[in-house]
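Chain by chain, the residues run as shown.
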Amino acid sequence: MPDCFEVLHKDLAGRIGRLRTPHGVVETPALMPVVNPHLRLIEPADLERLGAEILITNSYIIHQDPELHDLAAKEGVHRLLGFEGPIMTDSGAFQLSVYGNIDVQPLEILDFQRLIASDICVPLDIPTPPDVPRSRAEAELAITEERLSEAREDWSEGGSLLAGPIQGSTYPDLRFGAGRRVGEMGFDLCPIGAVVPLMEAYRFRDLVEVVAASKQGLGPAAPVHLFGAGHPMMFALAAALGCDLFDSAAYALSARQGRYLTTSGTLHLEELKYLPCCCEVCRDRAAEDLAEDPERTELLARHNLSVSLAEVRRVRQSIWEGSLWELVERRARSHPKMIDGLRALIPHAGWIETLDPAARSTCFYMGPESAARPEVLRYGARIERIELSGRVLVADRGVREDGFDQILWFVPPFGPYPQELAETAPLNAEVPAEADGAGIAQALANLKRLMESNPSATFEIRLKELPGGWADLRGRGR
């Protein structure tokens, strides 16, 4: 783990951490509002008042503007923006993705970032968009990694932190390999780049695959920045995958388009009758008044940023109390494409389980996807530790009957368990009265595994409902 990053608490692959920079310590997960030096919709001092702990700005824009260049070179980027907290600078890769070429050399822009005292400097990588031919993705990844190697060799320790972006388009194996190599180079922060097109198209399934592959290649130690992740409805999902920093230009871009951000999606201000928020902008205004206000764009940006920062704090609290999975499920049900993202998480549940702490608060079973949460997988993997002999009754929870050597209660998604463990985690989970198919399937798989691991025991199965394919288990010992 880099010396600049300390993990304080974990849940799923997410964590609460401390990122130490030359201008202060940032608690993660954290959101970095994007500040365009030419278009300051909200002044950095006000961003801090709203709760921003760290900002991100574009060093290429500053570098190419003679006036901004000279001021930043002389007094630093913090004085230029009027913000004393940590500031991360991008290298111009966004402009490169838009225009195809920019008039600056990789080491030149990196040296400039350090000259202006950026807290986190980013080398000029090649942001390969989604769905390009593999040959292009491989070629551009090779250029990026050559530049990263050059930047790492040229870098002197101390002072600014150095980021190492992970590229590879939408090819999970390229992302995995890129993550592994970036991790081996020893960067302070590891951004996952070129994912904005996926988020703009609501391709959350593909986003999950890209992030999961990058993280699994990188390993759990380094802090990770998800470039362009600015919508509050997806912060919980990104955090569950192990992302520590997000950046938001969405708060300003959406405001200019009259869009009102919420944790369940984006609304059009003109279509609102009521403002579903109690931030400083919304609590004393009607939707009509906000829509007609001459300062509407700035006010809407303040709301968008407030709801985004509040969601980051909510994610932190969920990690702290061990309820991040529940928050991910609630947010996922805000949009069908978010459901796709949650379901794409399920094949990676085994990896997440290895990172998730065993001790946590009571879990809530929220739906079929909950059958893949770490507590359920962990219980299934350990059920063979239950040693049984003689006559064993497997019955619905609460049943008590004489004549058996042991009674196991049965509750989806966990399946059978000794009644003495009913009040212990994870069997004290809150589950619906009527189980869904995924929960039943997982519970029955655990039951079968337990029966096979105890061949000397005779099992009596007395459950109110069993799917047809499992009817042969009822009343049988094997």
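It should be emphasised that the depicted structure is a prediction, and the values quoted were computed from it without experimental measurement. (Residues numbered from 1 in each chain as written. Predicted model: local features only at pLDDT ≥ 70, side-chain atom pairs only at ≥ 80, totals over all residues. Heavy atoms only, no water.)

### Points about the overall build of the chain
Part 1: Scanning the chain for helices and strands turns up 19 helices and 17 strands.
Part 2: The C-alpha extent of the chain, read off along each of the three principal axes, is 90 × 55 × 40 Å.
Part 3: A burial count over the chain gives 56% of its 478 residues as buried.
Part 4: For the chain, the proportion of contacts with a sequence separation of at least 24, taken over those separated by at least 6, is 65%.
Part 5: Carbon and sulfur atoms make up 50% of the accessible area of the chain, which amounts to about 20,200 Å² in all.
Part 6: Put simply, the chain has 49 plus and 70 minus side-chain charges, and the middle of one group is 5 Å from the middle of the other. (Helix = DSSP H or I, 4+ residues; strand = E, 2+ residues; numbered from the N terminus. Buried < 20%, exposed > 50% of the residue type's maximum accessible area, 1.4 Å probe, protein only. Contact = heavy atoms within 4.5 Å. Areas by Shrake-Rupley, 256 points an atom, 1.4 Å probe, with all protein chains shown as cover. Lys, Arg positive; Asp, Glu negative; His and termini not counted. Charge placed at Lys NZ, Arg CZ, Asp CG, Glu CD.)

### Notes on the packing of helix α6 (residues 106-115) against helix α7 (residues 134-154)
Part 1: Packing of α6 against α7 brings their axes to within 10 Å, and their N-to-C directions diverge by 45°. Here α6 lies oblique to α7, going by the angle between them. Here the hand of the crossing between α6 and α7 comes out right-handed. Across the interface between the two elements, Pro-106, Leu-107, Leu-110 and Asp-111 of α6 pack against Arg-147, Glu-150, Ala-151 and Asp-154 of α7.
Part 2: Counted by class, the contact of α6 with α7 contains four nonpolar, no polar and four charged residues. (Axes fitted to C-alpha atoms, helices over the stretch in contact; angles between N-to-C directions. Parallel < 35°, antiparallel > 145°, perpendicular 65-115°, else oblique. Left-handed = near helix turned anticlockwise from the far one by under 90°. Nonpolar A, V, L, I, M, F, W, Y, C, P; charged D, E, K, R; others polar.)

### Description of α7
Part 1: With 21 residues, α7 extends 30 Å from end C-alpha to end C-alpha; this agrees with the ideal 30 Å at 1.5 Å per step.
Part 2: Listed as buried for α7 are Ala-137, Glu-140, Leu-141, Thr-144, Glu-145, Leu-148, Ala-151 and Arg-152. Buried residues of α7, viewed axially, fall in a sector of 145°; they line one side. Exposed residues pointing more than 90 degrees away from the buried face of α7 are listed as Ser-135, Glu-146 and Glu-153.
Part 3: Where α7 is buried, its residues contact α6, β8 (161-162) and α8 (172-185). (Expected span 1.5 Å × (residues − 1). Arc of directions from axis to C-beta.)

### Brief notes about the domain arrangement of the chain
Part 1: The domains assigned to the chain are domain 1 (5-355) and domain 2 (368-473).
Part 2: Listed per partner, the contact involves twelve residues of domain 1 and eight residues of domain 2.
Part 3: Across the interface of domain 1 and domain 2, roughly 900 Å² is buried in total on both sides, 57% from carbon and sulfur atoms.
Part 4: Glu-326 serves as the salt-bridge partner of Arg-373, at 3.3 Å between the closest nitrogen and oxygen.
Part 5: Viewed at the interface, domain 2 and domain 1 are joined by five residue pairs in polar contact (both at pLDDT 80 or more).
Part 6: The set of elements that each furnish at least two residues to the side of domain 1 that touches domain 2 consists of α15 (324-332), α16 (336-345) and α17 (349-355).
Part 7: With four residues, the top contributor of residues to the side of domain 1 that touches domain 2 is α17.
Part 8: Its residues placed into classes, the side of domain 1 that touches domain 2 shows six nonpolar, one polar and five charged. (Domains from an automatic or database assignment. Buried area = accessible area lost by both parts, 1.4 Å probe. Salt bridge = Lys/Arg side-chain N within 4 Å of Asp/Glu carboxyl O. Polar contact = N/O pair within 3.5 Å; in protein donor to acceptor, adjacent residues only side chain to side chain.)

### Side note on the pattern of salt bridges
Part 1: Taken as a whole and judged by the stated rule, the model has 30 salt bridges.
Part 2: A salt bridge links Glu-140 to Arg-136; its shortest N-O distance comes to 2.9 Å. Here Arg-136 and Glu-140 lie together in helix α7, a separation of four residues that amounts to about one turn.
Part 3: By relative accessible area, which is 38% here, Arg-136 ends up partly exposed.
Part 4: Here Glu-270 makes a salt bridge to Arg-296, at a shortest N to O gap of 2.6 Å.

### Observations regarding the sheet that holds strand β15 (residues 406-411)
Part 1: Strand order in the open sheet made by the four strands is β16-β15-β14-β17, with mixed pairing throughout. On the outer flanks of this sheet lie β16 (415-418) and β17 (458-462), each paired with one strand and no other. The average angle at which neighbouring strand axes cross in this sheet is 30°, direction not considered.
Part 2: For strand β14 (residues 391-396) and β17, the ladder comprises five bridges, and the chain directions are parallel. Counterpart to Ala-395 in the pairing with β17 is Arg-462. (Pairing = 2+ DSSP bridges.)

### Describing unusual backbone geometry
Part 1: Following Pro-412, the chain continues into Pro-413 via a peptide bond in cis, with omega recorded as 5°.
Part 2: Inspection of the secondary structure puts Pro-413 in the loop between β15 and β16.
Part 3: At the junction of Ala-425 and Pro-426, the peptide bond is cis and its omega measures out at 0° in the coordinates.
Part 4: With respect to the element layout, Pro-426 can be found in the loop between β16 and α19 (437-453).
Part 5: Residue Ala-194 is not a glycine yet carries a positive backbone phi of 60°.

### Some words on the confidence of the model for the chain
Part 1: In the predicted model, the chain carries a mean pLDDT of 92, and 95% of its residues have values of at least 70.
Part 2: Counting contacts from residues 474-478, a segment whose pLDDT is below 50, to residues more than four positions away or on other chains yields 20 contacts. (pLDDT = per-residue confidence, 0-100.)

### Considering the pairing of strand β6 (residues 87-90)
Part 1: Across the two faces of β6 the burial is the same, with Ile-87 and Thr-89 and Met-88 and Asp-90 all buried.
Part 2: Looking at chain direction, strand β5 (residues 55-58) and β6 are connected through four bridges and run parallel. Bridged to Leu-55 within β6 is Ile-87.

### Things to note about the sheet that holds strand β2 (residues 14-21)
Part 1: In spatial order, the strands read β1-β2-β3; together these three strands make up an open sheet with antiparallel pairing. Each having just a single partner strand, β1 (5-11) and β3 (24-28) make up the two edges of the open sheet. Geometrically, the sheet is characterised by an average inter-axis angle of 10° between neighbouring strands, direction not taken into account.
Part 2: Relative to β2, β1 runs antiparallel, the two being bridged by six bridges. Pairing of His-9 across the sheet is with Ile-16, part of β2.

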